[in-house]
There are 2 protein chains.
Amino acid sequence: MNVKKQKILVMVEDDLAGIEIALKENLNPYLELVSETASHILFSGGKRLRPLLMILSARICGYNGDQDKKISTSFEYLHAATLLHDDLVDDATLRRGRKAAHLIWGNSAAVLVGDFLLARAGAIATGTDIIEVIKVVTDIIEEMSQGEIHQLINKGNIDLSESDYFEVIKRKTAALIQGACHAGAIIAGASEKEKAALIEYGYMLGIAFQMIDDLLDYTAETKDLGKETGADLREGKLTLPVIYSLAKANSSDHSWMKEIIKKSDFSVNEFEHLKTLLLKYGGIEYTEKLAEEYVAKAIDSVLIFKPSKTRDTLQMLAEYTLSRKE
Amino acid sequence: MNVKKQKILVMVEDDLAGIEIALKENLNPYLELVSETASHILFSGGKRLRPLLMILSARICGYNGDQDKKISTSFEYLHAATLLHDDLVDDATLRRGRKAAHLIWGNSAAVLVGDFLLARAGAIATGTDIIEVIKVVTDIIEEMSQGEIHQLINKGNIDLSESDYFEVIKRKTAALIQGACHAGAIIAGASEKEKAALIEYGYMLGIAFQMIDDLLDYTAETKDLGKETGADLREGKLTLPVIYSLAKANSSDHSWMKEIIKKSDFSVNEFEHLKTLLLKYGGIEYTEKLAEEYVAKAIDSVLIFKPSKTRDTLQMLAEYTLSRKE
């Protein structure tokens with residue numbers, strides 16, 4: 001495990017333990033199948049980044065109640081719901097190193113248990129009795145579903161632009177991470193300035209997080225990633241490393257890449273060659289650089305808060321995003 | 001068109017027109033595909049029963065604001081979301097006489113546009129700023145998803161009991177109709193007694209509505225129904241007419257029915273013979289009778305309100321449930 005990760009894990013150990021308990025306690029299904037399917041996706045080594053960010057955001061704004069762990073589950077349930085629905089949409093085979101849920105219990109269970117998790121997320125937000133928190137959660141669901149639909153429409157579109165790419169990831173990924181931070185600030189009764197800072201932090205971190213995720217699809221090993229590399233391309237999903245490289249490629253490389261993208265069934269050698277092109281045309285480097293800029297902005301945005309262990313943790317989490325391998 | 005239906009339609013003409021406008025105005029998607037897919041399911045001749053019941057429930061409790069049409073869309077969006085997800089789960093081919101959405105736009109769009117509609121339903125409820133209304137909506141999503149999952153688990157189970165059946169339909173159908181009535185009472189600032197009456201009305205009507213729906217799967221014509229008859233059985237979904245008849249059947253008929261239920265691909269003749277058995281063993285009649293009892297209870301439950309055109313409409317709507325052909 002990398003040193004940064006280890007250091008962060010020590011700092012948030014108690015929070016993570018609290019989140020695990022709360023995730024079990026608040027699931028509340030009356031059926032065994034719901035429990036099984038939801039648990040498969042919920043308790044298979046997720047990073048708990050979203051609930052953790054909500055808790056830290058609340059804390060940095062002075063929250064000292066005892067409802068933060070419970071409320072934070074809303075953001076992990078949302079995340080799990082989208083994983084269930086997206087894996088089905090993408091027909092993914094692996095998730096967190098395990099067989100995707102829809103392949104075990106079928107598409108139907110994946111759809112319906114996903115719906116149940118969306119409902120739980122809404123119910124937990126409603127349980128706060130704070131309209132502003134509920135609005136954050138319903139906005140997230142709206143944004144995420146539209147981001148995913150947008151991505152679906154873009155599939156196989158070779159002419160995708162950088163701005164198309166950002167339009168999608170802002171909705172499908174950043175909205176949830178940003179929303180978690182925002183909700184933390186709200187339950188702490190934060191000032192508008194504090195809220196704005198945490199919204200900014202979450203947005204920047206969310207964008208960087210997705211960019212690194214998209215990068216890992218080309219640079220990671222399947223065993224580290226817990227899902228197959230090259231999956232994006234196999235689904236015709238163009239991400240920044242490819243979009244950038246396509247724009248820079250000479251005409252013969254451009255044609256070759258186009259062919260590869262069009263066929264969902266490329267060989268290991270073809271995939272390896274594509275990776276060398278992404279390096280050659282700078283798509284990998286460009287994505288990394290840009291992600292670094294977003295992380296730097298995330299780190300800056302919490303500087304309005306006075307120095308504290310919580311601020312350090314938020315900054316380290318942002319930094320860690322860049323070096324993660326999974 | 002049957003006379004009862006025509007009479008009701010005249011009484012609720014303005015409300016229905018207002019609902020149609022509100023459904024268009026509040027959908028609010030930023031993508032064409034969402035609009036197309038959602039419109040396919042939303043604007044293909046739905047009965048608008050749920051939003052209508054919310055509006056009438058509010059009115060009978062003295063509501064005189066101008067937000068009822070808008071809020072009522074939440075319950076039609078919920079309904080449309082579940083139709084999208086359920087048709088996919090059931091792999092249905094027809095819905096409201098048109099090709100099911102998932103067959104036109106694919107499973108992925110059906111899942112994601114369904115999610116979007118769930119989010120819109122939540123957002124509109126949240127827009128009321130009334131926690132109690134929001135809670136009704138999140139409870140509905142939780143109940144409906146679990147009801148559908150329960151139904152999924154029960155598929156092909158030949159030993160299903162009446163109480164298993166009611167457990168499912170109470171969640172998958174009655175929860176939404178009951179919730180719509182409940183929400184109407186809440187936005188009108190109704191008394192607890194009035195709320196309880198409308199919850200009772202919605203519950204009884206919802207149960208009867210589903211029983212008749214299940215009956216129509218055996219007694220209607222595909223052209224009237226807008227979806228295929230025999231679909232339930234083809235999916236291994238046992239409903240009351242079958243459950244009751246199975247329990248009464250002699251051993252040879254019982255074995256034959258069991259065989260038919262087990263194979264998803266029965267002939268027209270086999271289906272016709274099954275229908276004669278449902279008549280012979282009283283499953284059709286029993287379901288009708290029971291639905292009548294539920295409708296009678298629904299009609300009684302609004303007697304706490306003083307006589308009015310609105311009360312008449314609620315009662316006629318309940319009565320109409322029994323004679324509907326689609």
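Up top you'll find the structure we're talking about.
Remember, it's a predicted structure, so these values are computed and weren't measured experimentally.

Considering the relation of the copies chain A and chain B
Between the two copies, chain A and chain B, the superposition gives an RMSD of 0.0 Å; the rotation angle is 180 degrees and the shift along the axis is 0.0 Å. Such a turn and shift between the copies fits a two-fold axis.

A look at the packing of helix 8 (residues 162–187) of chain A against helix 12 (residues 240–248) of chain A
Residue and element names in this part refer to chain A. As a packed pair, helix 8 and helix 12 sit with axes 10 Å apart at the nearest point and diverge in direction by 170 degrees. When the interaxial angle is binned, helix 8 and helix 12 end up roughly antiparallel. Here E162, Y165 and F166 of helix 8 come into contact with helix 12, specifically with L240, I243 and Y244. Among the residues making up the contact of helix 8 with helix 12, the classes are represented as 5 nonpolar, no polar and 1 charged.

A look at helix 16 (residues 309–323) of chain B
All names here are of chain B. Taking 1.5 Å of rise per residue, the 15 residues of helix 16 would be expected to cover 21 Å, and the 21 Å separating its terminal C-alpha atoms lies within 8% of that figure. With 11 of 15 residues buried, helix 16 is to be regarded as a mostly interior element. Listing the buried residues of helix 16 in full gives T310, R311, T313, L314, Q315, M316, L317, A318, Y320, T321 and S323. For helix 16, the elements touching its buried residues are helix 1 (3–11), helix 4 (49–60), helix 9 (192–219) and helix 15 (283–301).

Some remarks on unusual backbone geometry
Residues and elements named next belong to chain B. A positive phi angle, close to 60 degrees, is found at R48, a residue other than glycine. You can see R48 is positioned in the loop between helix 3 (32–42) and helix 4. Unlike most non-glycine residues, D129 shows phi in positive territory, near 65 degrees. Its place among the elements puts D129 in the loop between helix 6 (101–127) and helix 7 (131–154). Using a relative accessible area of 54% as the deciding quantity, one classes D129 as exposed.

Here's the deal with the packing of aromatic side chains
Residue and element names in this part refer to chain A. Here the structure, examined in full by the defined rule, presents 10 aromatic pairs over all chains. When the ring of Y165 is compared with that of F166, the centres are 5.2 Å apart and the planes differ by 75 degrees; the resulting orientation is edge-to-face. Following the ring pairs from residue to residue traces out a cluster consisting of Y165, F166 and Y294. Positioned over the ring face of Y294 is K297, at 5.4 Å from the centre of the ring.

Looking at the nonpolar core
Where a protein is soluble and globular, its nonpolar side chains tend to be buried together. By size, the foremost hydrophobic cluster in this structure holds 225 residues, and its most contacted members are L117 of chain A together with L117 of chain B. With near-sequence residues (within four places) excluded, L117 of chain A lies in contact with L27, A38, I41, L42, Y77, A80, A81 and L84 of chain A.

Quick notes on the pattern of salt bridges
Following the criterion strictly, the structure yields 37 salt bridges over all chains and no others. Among the ionic pairs, E142 of chain B bridges to R120 of chain A, the shortest N-O distance being 3.1 Å. Of this pair, E142 of chain B sits in helix 7 while R120 of chain A is found in helix 6 (residues 101–126), placing the two residues in two different chains. Of the two residues, E142 of chain B and R120 of chain A, both sit in the buried class. As a salt-bridge pair, E319 of chain B and K4 of chain B come within 3.6 Å of each other at their nearest N and O atoms.

What about the interface of chain A and chain B?
Many structure descriptions define interface size as the accessible area lost when the parts assemble. The interface is formed by 40 residues belonging to chain A together with 40 residues belonging to chain B. In this structure, the connection of chain A to chain B is made through 2 salt bridges. Those elements giving two or more residues to the side of chain A that touches chain B turn out to be helix 3 (32–42), helix 5 (68–90), helix 6, helix 7 (131–154) and helix 8 of chain A. At 14 residues, helix 6 of chain A tops the list of elements feeding residues into the side of chain A that touches chain B. Grouping the constituent residues of the side of chain A that touches chain B by class yields 22 nonpolar, 9 polar and 9 charged.

Quick notes on the rules
Residues numbered from 1 in each chain as written. Chains lettered and ligands numbered in written order. Predicted model: local features only at pLDDT ≥ 70, side-chain atom pairs only at ≥ 80, totals over all residues. Heavy atoms only, no water. Least-squares fit on C-alpha atoms with pLDDT ≥ 70 in both. Axes fitted to C-alpha atoms, helices over the stretch in contact; angles between N-to-C directions. Helix = DSSP H or I, 4+ residues; strand = E, 2+ residues; numbered from the N terminus. Parallel < 35°, antiparallel > 145°, perpendicular 65-115°, else oblique. Contact = heavy atoms within 4.5 Å. Nonpolar A, V, L, I, M, F, W, Y, C, P; charged D, E, K, R; others polar. Expected span 1.5 Å × (residues − 1). Buried < 20%, exposed > 50% of the residue type's maximum accessible area, 1.4 Å probe, protein only. Phe/Tyr/Trp six-rings, centres within 6.5 Å; stacked < 30°, edge-to-face > 60°. Lys NZ or Arg CZ within 6 Å of the ring centre and 35° of its normal. Core = buried A, V, L, I, M, F, W, Y, C linked by side-chain atoms within 4.5 Å. Salt bridge = Lys/Arg side-chain N within 4 Å of Asp/Glu carboxyl O.

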